[in-house]
Amino acid sequence: MGPSARETQEHESKMNAAEAEKVVHIVESVLDAGCTAEDLGIVTPYMAQVRLLRTSWRNRCKERGAKWNASRISRALEIASVDNFQGREKELIVFSAVRNNSAGRVGFLADWRRLNVMLTRARRGLVVVGHGQTLQKDPYWSKWLRWCADHRVIVDKQAWHDIVRAAKRTAANQHAKSLIHRLFEFEQVQGCRARKGHLHMLSR
């Protein structure tokens, strides 16, 4: 995400409104493809971002209304901090990195233990939304981003839409877990390769 998606300060915590909007859109597209909210989780290192994501998600569910069984879905989707998510797993995790600044400061994200939690909470798929130029300043994130680049699993907005559309065509009317399985096992969609079992998305 670009400079217009800079992080902001809220008391002792941080948030990123543009990133929160993108995360909500990703979750919405996955649910529209047939997955269940119980199989999904949103994880972020900052409590200010947790609060923003919860508010954004509730508002989006209200907009969708009865056609989407919005009241149940709003409650079913778990949105939590990295620390609060330890010891639990979901089929699909969407991670919001938050940090986006010209100095390349990553704060909590420099803790390799938090990175480990982020990488190991997803059973089938992991989607990471973040600012590559900021994250690559940290040695741990830099190594992980190089791995993602080597395996060609860094995708942009259009590639994500292509993946979801392909999942809808391929897995229509199937159980949500089967859909997730298909969604994250595409070897190639519109030139975007995904390692079997995981899709790592970094919006830049």
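All values derive from a computational prediction rather than experimental measurement.

Reading the values: the criteria
Residues numbered from 1 in each chain as written. Predicted model: local features only at pLDDT ≥ 70, side-chain atom pairs only at ≥ 80, totals over all residues. Heavy atoms only, no water. Helix = DSSP H or I, 4+ residues; strand = E, 2+ residues; numbered from the N terminus. Contact = heavy atoms within 4.5 Å. Buried < 20%, exposed > 50% of the residue type's maximum accessible area, 1.4 Å probe, protein only. Polar contact = N/O pair within 3.5 Å; in protein donor to acceptor, adjacent residues only side chain to side chain. Expected span 1.5 Å × (residues − 1). Core = buried A, V, L, I, M, F, W, Y, C linked by side-chain atoms within 4.5 Å. Salt bridge = Lys/Arg side-chain N within 4 Å of Asp/Glu carboxyl O.

Caption draft 1: The arrangement of the environment of Phe85 in detail. Tracing the backbone shows Phe85 in the loop between strand S4 (78–81) and strand S5 (90–96). Considered as a pair, Phe85 and Val43 are 42 residues apart in the sequence and their alpha carbons are 7.4 Å apart. Excluding residues that lie within four positions of it along the chain, Phe85 makes contacts with Gly41, Val43, Glu78, Ala80, Lys90, Ile93 and Arg121.

Caption draft 2: A look at the side chain of Arg99. Note on placement: Arg99 falls in the loop between S5 and helix H4 (112–120). For Arg99, a relative accessible area of 4% corresponds to the buried category. A distance of 2.8 Å separates a polar atom in the side chain of Arg99 from a polar atom in the side chain of Tyr46. If sequence neighbours within four positions are ignored, Arg99 has contacts with Glu7, Lys14, Tyr46, Arg105, Val106, Gly107, Leu109, His131 and Thr134.

Caption draft 3: View of helix H1 (residues 17–32). In this model H1 runs 23 Å from its N-terminal to its C-terminal C-alpha over 16 residues, within 8% of the 22 Å that 1.5 Å per residue would give. Of the positions making up H1, those classed as buried are Glu19, Ala20, Lys22, Val23, Val24, Ile26, Val27, Glu28, Ser29, Val30 and Leu31. Near the N-terminus of H1, the side chain that reaches the backbone nitrogen of Ala18, with its oxygen 3.4 Å away, is that of Asn16.

Caption draft 4: Examining the nonpolar core more closely. Counting residues in hydrophobic clusters, the biggest one holds 28 residues, and the most contacted among them are Val27, Leu31, Trp57 and Leu77. Counting only elements with at least two residues in this core, the list comes to H1, strand S3 (40–44), helix H2 (47–64), helix H3 (70–76), S5 and strand S6 (122–129). Among the elements that line this core, the one with the most residues is H1, at seven residues. When neighbours within four sequence positions are excluded, Trp57 is seen to be in contact with Val24, Val27, Glu28, Leu31, Trp68, Ile73, Ser74, Leu77 and Ile79. With 21 residues, the next largest nonpolar core counts Leu109, Val128, Leu135 and Val153 among its residues.

Caption draft 5: Focus on the pattern of salt bridges. Applying the stated criterion across every chain yields a total of 16 salt bridges. In this structure, the salt-bridge partner of Arg72 is Glu38, at a minimum N-O distance of 2.6 Å. Remark: Glu38 occurs in the loop between H1 and S3 and Arg72 occurs in helix H3; sequence separation between them is 34 residues. For Arg123, the salt bridge is made with Glu91, and the minimal N-O distance between the two is 3.1 Å. In this pair, Arg123 is assigned in strand S6 and Glu91 in strand S5, connecting sequence segments 32 residues apart. Since its relative accessible area comes to 5%, Glu91 is described here as buried. Each of Glu28, Asp32, Arg60, Glu63 and Arg64 takes part in one network of salt bridges that share partners.

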